[in-house]
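# A structural walkthrough
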Amino acid sequence: MAGEGATDVSNADLEYPERDWRGFFREHFGPSMLWALISIGGSHIVLAPTLGGTFGLVAIWMFGLIYAAKYGAWELGIRYNYGVGANPIEAYDQLPGPKNWALWVTILVFTGMYTFITASVGMSTAAFVAALTPEWFTATIAYVVFVGGAGLLVVVSRYSLLETALIAFTIALGLLVLLGVIVGPPSGDVVLGTAFAVPDLTGPVFIGLFAAAAGFAPTGFSTSILIGSWSMAKGDGASELEERDLDPEDPKHHDYIRAWIRTGRRDFNIGYLFSFLLIVAMVVLASNVLYPEPPTDANLAVAIGSILSDSFGEWSYYAMLLGGFAALYSTVITLLDGAARATGDILPMALENDDIDSERVRKLVVVGVVAVSSAMVIALGEVPVTLLLYVAAVLAVTEIFFYPANWYVVEKNLPEPFRPSRAWHAYYVVSLLLVLVFGAMGAAVRLGFLG
C-alpha cells in the first residue's frame, strides 16, 4: 500500500492510497456509505414513493436533475477533505462577514434543523414499527422508544461499530428493492403514460413535492461536513503532510495529493450512485404499484409494504416493512451521531476555546435532540408524510449556504493545481443557480404563496 504511487525519494514513506479495487474496498471504502445511510432514508422510503405514486416514472427525471445539480457541494467538500487534509468546516472562519458567523450558522443547523429532520425521519420510522406491532404500541410510543434507543446507542457506541451495523442495513434493503424492480417492472401502459408526461410545472402539487425532493434528496448539503468528519476519522489522506510539517504547495507532493483526491472522490461517487439507483428503483416500484395514489399519513407503512407484494407474494410485505424500518432507523442513528459529532467539533472553534470538552458536547446534543424531537412528535401526532414533506421543503432553503461556503474555502486553501478547472467552475455556476431555484420553490410553498 505505502509507496506504490511514490516516485520521489522524499515521498517514499508517505501513505499512498491503494490503486486497485480490491485494496480500495479493503482500505478506503466507507465514508460514502455512511453518507448514503442518511440519503437512503426519508428521501427513498417516503419521498420517492410519494413522487412516483403522484407523477409516475417522470419522477426519475426530477430526481436526476436534483442529483446532478446538488453533486457539486459534496464534490467540493471531498476535494477539500483530501486536498487539504481537513474538514471544510475548519476553514469557515475565513468566510467574509462577522467573526465566526458561519460556524454559528452551522451549529444552528446541526442542533435546530437536525432536530426537525430527526423528528420527521423518526416519525416515519415509528409508522413502520406500528404496522408490525400490536395496536396499543402506537407510532408515538414507538418514536419515544426507538429514537430514545438510538440516542442511547450513539452515546455509548464507537464510530466503527455504528459503521459496520448501518452499512449492513443499507445493503440489505438495496438488494431487496433492486431485485423487486427486476422481477416486477411497471406495465407498458404506465411506462408510456408517465415516463415523459410533463406535469403542471406551475401547479402547487408539483412545486410542493419537487421542492421537498430538492431539499431531502439525496440529503441536505450540511452532510458535506459530516462526510468530512467520517473521512478524517479513518486517519487517511493529506493530513499526513500536516503531521510531518510538509508543504502541500511543494510540487514534489502533488502526486500524493492528487492520488488522495482521486481516492476520496471514488469513494463518494460509489455512495452517490448507489443512492441514485435506489431512489430510481423506488420510483419504478411506486409507479407500478401505487400510481396514481401515493402514500398518505394514514397508510404510509401499509402502502410501502405492499410495493413488492405483486412480485414476490405476501412474505415480501413484511420484508419490505422490515427493510423500510431498517433504512429509516439507520438514518435516525446516523443523523444523531453526525449532528452531535459535528457540533462537538465546531463549538470549540466558534468560541475559540480548545478547553471545551467535545465529547460532553456530543452527548448533550444527542440527549437534547432526542428530548426535543420526542416532545414535538407527541404534540403533532402521527403525520409522517406531512411532516417530512414540510421539513424537506425548508431544507431546500436553509442548506444552500453550504454550497458556496465549500466553494469559497476550496478556492482559498487548496494548492493551485487542485483548485477547480474552468469546466468545474461552469458546472458550479449552473448547478448553484438550479439549487437557488429549488430553494425559491421551497420558500414559495412554506410561505403560503401557493394554494
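Residues numbered from 1 in each chain as written. Predicted model: local features only at pLDDT ≥ 70, side-chain atom pairs only at ≥ 80, totals over all residues. Heavy atoms only, no water.

Check the secondary structure of the protein chain and you find 19 helices and zero strands. A compact globule built from 451 residues should have a C-alpha radius of gyration of about 22 Å, and the protein chain, at 22 Å, falls within 12% of that. The principal-axis extent of the C-alpha atoms belonging to the protein chain is close to 65 × 45 × 45 Å. Within the span of the protein chain, comprising 451 residues, buried residues form 57% of the whole. Long-range contacts, defined here as pairs at least 24 residues apart, represent 84% of the contacts in the protein chain between residues at least 6 apart. Carbon and sulfur atoms form 64% of the exposed surface of the protein chain, whose accessible area is close to 17900 Å². Computing the positive centroid from 22 side-chain charges and the negative centroid from 39, the protein chain places the two 4 Å apart. (Helix = DSSP H or I, 4+ residues; strand = E, 2+ residues; numbered from the N terminus. Rg over C-alpha atoms; globule rule 2.2 N^0.38 Å. Buried < 20%, exposed > 50% of the residue type's maximum accessible area, 1.4 Å probe, protein only. Contact = heavy atoms within 4.5 Å. Areas by Shrake-Rupley, 256 points an atom, 1.4 Å probe, with all protein chains shown as cover. Lys, Arg positive; Asp, Glu negative; His and termini not counted. Charge placed at Lys NZ, Arg CZ, Asp CG, Glu CD.)

Attention shifts here to empty space enclosed by the protein. Tallied over the full model, the rule gives three cavities of 30 Å³ or more. Lining of the largest cavity is provided by 17 residues; of these, Ile-38, Ile-117, Phe-216, Thr-219 and Gly-220 occupy positions nearest its centre. Those elements that provide at least two residues to the lining of the largest cavity are helix 2 (31-39), helix 3 (42-55), helix 5 (101-132) and helix 15 (315-351). The leading source of residues in the lining of the largest cavity is helix 5, at three residues. Here the lining of the second largest cavity is built from residues that sort into seven nonpolar, two polar and two charged. (1 Å grid on protein atoms, 1.4 Å probe; cavity = no way out; pocket = protein on both sides within 12 Å on 5 of 7 lines; lining within 4 Å. Points joined across faces, edges and corners; volume = space filled by probe spheres on them. Nonpolar A, V, L, I, M, F, W, Y, C, P; charged D, E, K, R; others polar.)

What follows concerns the nonpolar core. Counting residues in hydrophobic clusters, the biggest one holds 153 residues, and the most contacted among them are Tyr-92, Phe-128 and Met-320. Ignoring anything within four residues of it in the chain, the contact list for Phe-128 reads Ile-45, Leu-300, Ala-301, Ile-304, Met-320, Leu-321, Gly-324, Phe-325 and Leu-328. (Core = buried A, V, L, I, M, F, W, Y, C linked by side-chain atoms within 4.5 Å.)

Applying the stated criterion to the full structure yields 39 aromatic pairs. Ring plane angle 55° and centroid distance 5.3 Å describe the contact between Trp-74 and Phe-221, whose orientation is recorded as tilted. Of this pair, Trp-74 sits in helix 4 (residues 59-84) while Phe-221 is found in the loop between helix 9 (204-216) and helix 10 (223-233), placing the two residues 147 residues apart along the sequence. Positioned above the aromatic ring of Trp-424, the side-chain terminus of Arg-79 is 5.4 Å from the ring centre. (Phe/Tyr/Trp six-rings, centres within 6.5 Å; stacked < 30°, edge-to-face > 60°. Lys NZ or Arg CZ within 6 Å of the ring centre and 35° of its normal.)

Attention now goes to the pattern of salt bridges. If you walk through the whole model with that rule in mind, you get nine salt bridges. A salt bridge links Arg-26 to Glu-27, with the nearest nitrogen and oxygen atoms 3.3 Å apart. Arg-26 gets classed as exposed once you look at its relative accessible area, which sits at 54%. Here Arg-79 makes a salt bridge to Glu-75, at a shortest N to O gap of 2.7 Å. Here Arg-79 and its partner Glu-75 are both found in helix 4, four residues apart, which amounts to about one turn of the helix. Looking at Arg-79, the relative accessible area reads 6%, which means it is buried. Taking relative accessible area as the criterion, Glu-75 reaches 2% and is therefore assigned buried. Residues joined in a network through salt bridges with shared partners are Glu-18, Arg-26 and Glu-27. (Salt bridge = Lys/Arg side-chain N within 4 Å of Asp/Glu carboxyl O.)

Now for the side chain of Thr-50. By the element assignment, Thr-50 lies in helix 3. Thr-50 gets classed as buried once you look at its relative accessible area, which sits at 4%. When residues no more than four places from it in sequence are discounted, the contact partners of Thr-50 are Leu-209, Pro-294, Pro-295 and Val-385.

Between helix 2 and helix 15, the least distance of the axes is 8 Å, while the angle of their chain directions is 115°. For the element pair helix 2 and helix 15, the recorded crossing hand is left-handed. Contacts between helix 2 and helix 15 pair Leu-34, Leu-37 and Ile-38 from the former with Ser-330, Thr-331, Thr-334 and Leu-335 from the latter. When grouped by side-chain class, the residues that make up the contact of helix 2 with helix 15 number four nonpolar, three polar and no charged. (Axes fitted to C-alpha atoms, helices over the stretch in contact; angles between N-to-C directions. Left-handed = near helix turned anticlockwise from the far one by under 90°.)

With that out of the way, let us pick up the environment of Thr-202. Relative to the helices and strands, Thr-202 resides in the loop between helix 8 (188-194) and helix 9. With 79 residues separating them along the chain, Thr-202 and Met-123 place their C-alpha atoms 30 Å apart. A polar contact is formed between the side chain of Thr-202 and the side chain of Asp-200, at a distance of 3.0 Å. (Polar contact = N/O pair within 3.5 Å; in protein donor to acceptor, adjacent residues only side chain to side chain.)

Here the focus is the confidence of the model for the protein chain. The share of residues in the protein chain with pLDDT of 70 or more is 93%, and the mean pLDDT across the chain is 89. No element of the protein chain has a lower mean pLDDT than helix 7 (residues 159-183), at 74, and none a higher one than helix 18 (residues 402-413), at 97. Low pLDDT (under 50) marks residues 1-9, which in the prediction has 20 contacts with non-local residues, meaning those over four places away or in another chain. (pLDDT = per-residue confidence, 0-100.)

Look at the link from Ala-217 to Pro-218: it is a cis peptide, with omega at -15°. Mapped onto the fold, Pro-218 is located in the loop between helix 9 and helix 10. Cis peptide bonds are those with omega within 30 degrees of zero, and the linkage from Tyr-291 to Pro-292 qualifies with 5°. Tracing the sequence through the fold places Pro-292 in the loop between helix 12 (254-289) and helix 13 (300-305). The phi dihedral of Asn-100 is positive, around 60°, even though this residue is not glycine.

How two helices pack is summed up by the angle between their axes together with the distance between the axes. Packing of helix 5 against helix 6 (residues 139-156) leaves a shortest axis separation of 8 Å and a crossing angle of 115°. Note that helix 5 runs across helix 6; the crossing there is right-handed. When helix 5 is examined against helix 6, the residues Thr-118, Ala-119, Gly-122, Met-123, Ala-126, Ala-127, Val-129 and Ala-130 are found in contact with a partner set consisting of Ala-139, Ala-142, Tyr-143, Phe-146 and Val-147. When its residues are assigned to classes, the contact of helix 5 with helix 6 shows eleven nonpolar, two polar and no charged.

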